[in-house]
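Per-entry structural report
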Amino acid sequence: MNPQRILIVDDDPALLEALPAAIELRMDGIEIETAETADAALERIRIVDHDAIVTDIKMPGMDGLALLAEIKRLRPRTPTLLITGHGEHDLAIQALRGGAYDYVAKPIDRDYFLASLARALQVRQLDRQVEEQRAALERHARVLEHVDDGVFLVDDAEVIQHWNLAAEAILGIPRQAALGRSAGETLPNWDAIAPLVPVAKTPGPGSQQAATVPLELDERELWLSISGVEFADGTVYAFRSLTEERALDELKGEFVATVSHELRTPLAAIYGSAQTLRERRHELDDASQQRLLEVIVQESERLTRVASDILLAGRLDTGGLKLAAEEVDIVPLAREVADEVGTSQRGNGELSIEVVASTAVAPFAGDRDRLRQVLINLVENAVKYSPSGGKVEIRVESDNGRLRLAVQDRGVGIAQGEQRRIFGKFYRVDPNQTHGVGGTGLGLYICRELVRRMDGRIWVDSREGHGSTFFVELPAARSTVAV
Ligand code: ADP
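Every chain begins its residue count from 1, and numbering advances along the sequence as written. At least 70 in pLDDT is required for a residue's local features to be given in this predicted model, at least 80 for side-chain atom pairs to be given and counted, and no such filter applies to totals for whole chains, interfaces and linings, which use all residues.

With that settled, consider the overall build of the protein. Working definition: helices are DSSP H or I runs of at least four residues, strands are E runs of at least two. Numbering for both runs from the N terminus. Check the secondary structure of the protein and you find 14 helices and 20 strands. Within these notes, the globule rule equals 2.2 Å times the number of residues to the 0.38 power, and the radius of gyration is based on C-alpha atoms. Against the globule reference of 23 Å for 483 residues, the protein gives a C-alpha radius of gyration of 41 Å, more extended than a compact globule. If you line up the protein on its principal axes, its C-alpha atoms span 135 × 55 × 40 Å. The burial label depends on the number of other C-beta atoms within 10 Å of a residue's C-beta. Counts of 20 or more mean buried, 12 or fewer mean exposed, and intermediate counts mean partly exposed, with C-beta atoms placed from the backbone. Within the protein, the fraction of its 483 residues that count as buried is 27%. Two residues qualify as being in contact provided that their C-beta atoms, derived from the backbone, are within 7 Å of each other. By sequence separation, contacts in the protein at least 24 residues apart represent 60% of the contacts at least 6 residues apart.

What follows is the structure in structure tokens.
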């Protein structure tokens, strides 16, 4: 251990010799400095953090009380003993009021002096230890601030004493709202889930498995992977949010359900039609036979589309898709799409598809087939999600060197909270198809990925119940695109 450092300040050379001698005789590990004036002492105090200071109260120039005040200012934690003259009780009391650790009256009782000094040194040492521990704790707390895992610390009284940034971010509960409250108050169903959380007696890798628990917050449910470690004054819990992983799992589950539905429905129609033609062809007139054959063709096309959407999404994910660079006139392309989707919509007489183009539209340099695919997807969706008909409008405009396509419908619309998510892979607003509209949730994902690869943007503007407008913005001139 480092020696403890004492500064003795006295204008009396005899005392300046006697006191160090007495100290060295009785104490080990002490380093003593002396100063004859308060000014000389202050010079040292500014440089050295002494463990204790002993000073005479009466000195020429700055006296001991003034020195004490300076010490309190410069080194508030250093205990200071004052030596007072015989019977100077008032001064002694002033010294204690001024923050002196103790006073020793002359003639100095050596045992008392040494005992008091030893206590002062001990206090200072404890003080330093506490300070070091606090600094270490602060260091740890700072480290905890920057880990990705949420961390909170609950003391023996079940009160939250630490709540890191990640905990704030994951749970959406600010520190001020958590600190000083019980875990049960802060986390609504904590009392129910706490018994499920494994708590290790000692920290260490692999000492335990985290538990996955549902945490109920105001209006959301979060899935957390959480574990705890006990320590002297409580338990520290670390957790991660599994909500997104779980959402993804659910999405995958939904996808499997959707895709099997999307495959089974056309397959059933094809099988039924083919069976009927095989078993009862002679009972059917030409027109009925023709209808059944059309069902087979249409439903086969639908099957092919589902399969190719799945394949295309896979290729977009792995980057194995090349886009052509050719000059494309968008207005004729839009008319072609309108006609094609319009024809396949036979029977839905209340719905019309119109193309509106501003006079001069610059050509687009890119992949015609892929752009056509994006447009078909948007127009088909516009039709699909307009159960009571209405007009679907395809607008083509150029603006500042960019092309803008807008596909507007007057259909069911999309709630604000869903407008970004619908571009996600497999995402469907109504996966249970309560409105009887089928789909894989891949269409808009494919649109977004293709448009991105053409250096464009896609977004939607919609009001629930009033219809939607999907926008695609593309650069007007481009060279090769390869992804
Ligand atoms: P799918 O149509 O196969 O479900 P999409 O990726 O094309 O998949 O669309 C995702 C979801 O976005 C749809 O399930 C639907 O809820 C919503 N959506 C897409 N286009 C429209 C639209 N024009 N009007 C209302 N909702 C739409």
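Okay, helix H12 (residues 330–344) next. Between its terminal C-alpha atoms H12 stretches 21 Å, which fits the 21 Å expected from 15 residues at 1.5 Å a residue. Those residues of H12 that are buried are in contact with strand S13 (326–328), strand S14 (351–357), strand S15 (364–366), helix H13 (368–384), strand S16 (390–399) and strand S17 (402–408). A helix's residues, less one, multiplied by 1.5 Å, set its expected span.

Where each domain begins and ends is defined by an automated method or by a domain database. Split into domains, the protein comes out as domain 1 (4–141), domain 2 (147–241), domain 3 (246–318) and domain 4 (322–482). Each of domain 3 and domain 4 has a C-alpha centre, and the two are 23 Å apart. Taken together, the 14 residues of domain 3 in the interface contact 11 residues of domain 4. Of all the secondary-structure elements, those providing two or more residues to the side of domain 3 that touches domain 4 are helix H10 (243–280) and helix H11 (286–318).

Next up on the list: the nonpolar core. Generally speaking, soluble globular proteins have nonpolar side chains that are buried together. Core analysis: the biggest nonpolar cluster contains 38 residues, and Val 374, Leu 375, Leu 378, Val 379 and Cys 447 have the highest contact counts within it. Where this core is concerned, the elements lending two or more residues are H12, S14, H13, S16, S17, helix H14 (443–453) and strand S19 (467–475). In terms of residues, this core owes the most to one element, H13, which gives 7 residues. With near-sequence residues (within four places) excluded, Cys 447 lies in contact with Val 374, Asn 377, Leu 378 and Ile 458. Structurally, a nonpolar core is described as a collection of buried Ala, Val, Leu, Ile, Met, Phe, Trp, Tyr and Cys residues joined by way of C-beta atoms within 7 Å.

Right, let's talk about the site of the ligand for a bit. Taken together, 21 residues are adjacent to the ligand, and Tyr 385, Val 429, Gly 439, Gly 443 and Leu 444 come closest. Where the shell around the ligand is concerned, the elements lending two or more residues are H13 and H14. As a working rule, the residues Ala, Val, Leu, Ile, Met, Phe, Trp, Tyr, Cys and Pro are called nonpolar, Asp, Glu, Lys and Arg charged, and the rest polar, with Gly in that last group. When grouped by side-chain class, the residues that make up the shell around the ligand number 10 nonpolar, 8 polar and 3 charged. By definition, a residue lies near a molecule or strand when the C-beta atom built from its backbone is within 6 Å of it.

The axes used here are C-alpha line fits, helices contributing only the stretch in contact, and every angle between their N-to-C directions lies in the interval 0 to 180 degrees. Direction vectors running N to C along H11 and H14 enclose 40°, while the axes themselves pass 10 Å from each other. When the axis of H11 is compared with that of H14, the two are oblique. Crossing geometry of H11 relative to H14 is assigned as left-handed. Residue-level inspection shows Asp 309, Leu 312, Ala 313 and Leu 316 of H11 in contact with H14, the latter providing Tyr 445, Ile 446 and Glu 449. Here the contact of H11 with H14 is built from residues that sort into 5 nonpolar, no polar and 2 charged. Orientation categories follow fixed angle ranges, with anything under 35 degrees roughly parallel, anything over 145 roughly antiparallel, 65 to 115 roughly perpendicular, and all other angles oblique. A clockwise turn of the near helix away from the far one marks a right-handed crossing, whereas an anticlockwise turn of less than a right angle marks a left-handed crossing.

In this section: the sheet that holds strand S18 (residues 457–463). Across a sheet, strands are paired by hydrogen bonds formed along the backbone, either parallel or antiparallel in direction. Within the open sheet, the 5 strands sit side by side as S14-S16-S17-S19-S18. Their pairing is mixed. Pairing within the sheet leaves two strands with one partner each, and these edge strands are S14 and S18. In this sheet, neighbouring strand axes are inclined to one another by 15° on average, regardless of whether the strands run parallel or antiparallel. Whether two strands pair comes down to DSSP finding at least two bridges between them. Pairing geometry for S16 and S17, over 7 bridges, is antiparallel.

Before going further, it helps to spend a moment on the sheet that holds strand S5 (residues 102–105). The strand order across the open sheet formed by 5 strands is S2-S1-S3-S4-S5, and the pairing between neighbours is parallel. If you trace the sheet from one side to the other, it starts and ends with strand S2 (30–35) and S5, each paired once. Each strand of the sheet is rotated relative to its neighbour by a mean of 20°, with strand direction disregarded. With 6 bridges connecting them, strand S1 (residues 4–9) and S2 associate as parallel partners. Note on S2: the bridge partner recorded for Val 9 is Ala 35.

So, about H13. Taking 1.5 Å of rise per residue, 17 residues should cover 24 Å, and H13 covers 24 Å from first to last C-alpha, within 8% of that figure. Those residues of H13 that fall on the buried side of the exposure criterion are Arg 370, Leu 371, Val 374, Leu 375, Asn 377, Leu 378, Val 379, Glu 380, Asn 381, Ala 382 and Val 383.

Here Arg 124 is to be found in helix H5 (residues 110–145). For Arg 124 and Leu 144, which are 20 residues apart along the polypeptide, the C-alpha to C-alpha distance reads 30 Å. Beyond its immediate stretch of four places on either side in the chain, Arg 124 contacts Asp 51, Ala 52, Thr 78 and Pro 79.

Moving on: unusual backbone geometry. That bond from Lys 106 to Pro 107 is cis: its omega, -10°, falls within 30 degrees of zero. Phi angles above zero are rare outside glycine, and Glu 158 is one such case at about 70°. Here Glu 158 lies in the loop between strand S6 (150–155) and strand S7 (160–163). The exposure class of Glu 158 is partly exposed, given the 16 C-beta atoms found within 10 Å. Its identity is not glycine, yet Asp 455 carries a phi of approximately 60°, on the positive side.

Turning next to the packing of helix H2 (residues 38–47) against helix H3 (residues 64–74). Taken N-terminus to C-terminus, the directions of H2 and H3 make an angle of 10°; their axes are 11 Å apart at the nearest point. It follows from the interaxial angle that H2 and H3 lie roughly parallel. Counting all contacts with H2, which are made through Ala 38, Ala 41, Leu 42, Ile 45 and Arg 46, the residues of H3 involved are Ala 66, Leu 67, Glu 70, Ile 71 and Leu 74. A class-by-class count of the residues in the contact of H2 with H3 yields 8 nonpolar, no polar and 2 charged.

Note that Leu 444 resides in helix H14. With 23 C-beta atoms packed within 10 Å, Leu 444 lands in the buried category. For the pair Leu 444 and Gln 133, spaced 311 residues apart in sequence, the C-alpha to C-alpha distance is 57 Å. Beyond its immediate stretch of four places on either side in the chain, Leu 444 contacts Ile 422 and Phe 423.

This paragraph deals with the pairing of strand S11 (residues 234–241). Note: S6 against S11, 6 bridges, orientation antiparallel. Of the residues in S11, the one forming a bridge with Leu 153 is Val 236. The pairing of strand S10 (residues 220–231) with S11 spans 8 bridges and is classified as antiparallel. If you follow Ile 226 over to S11, its bridge partner there is Phe 239.

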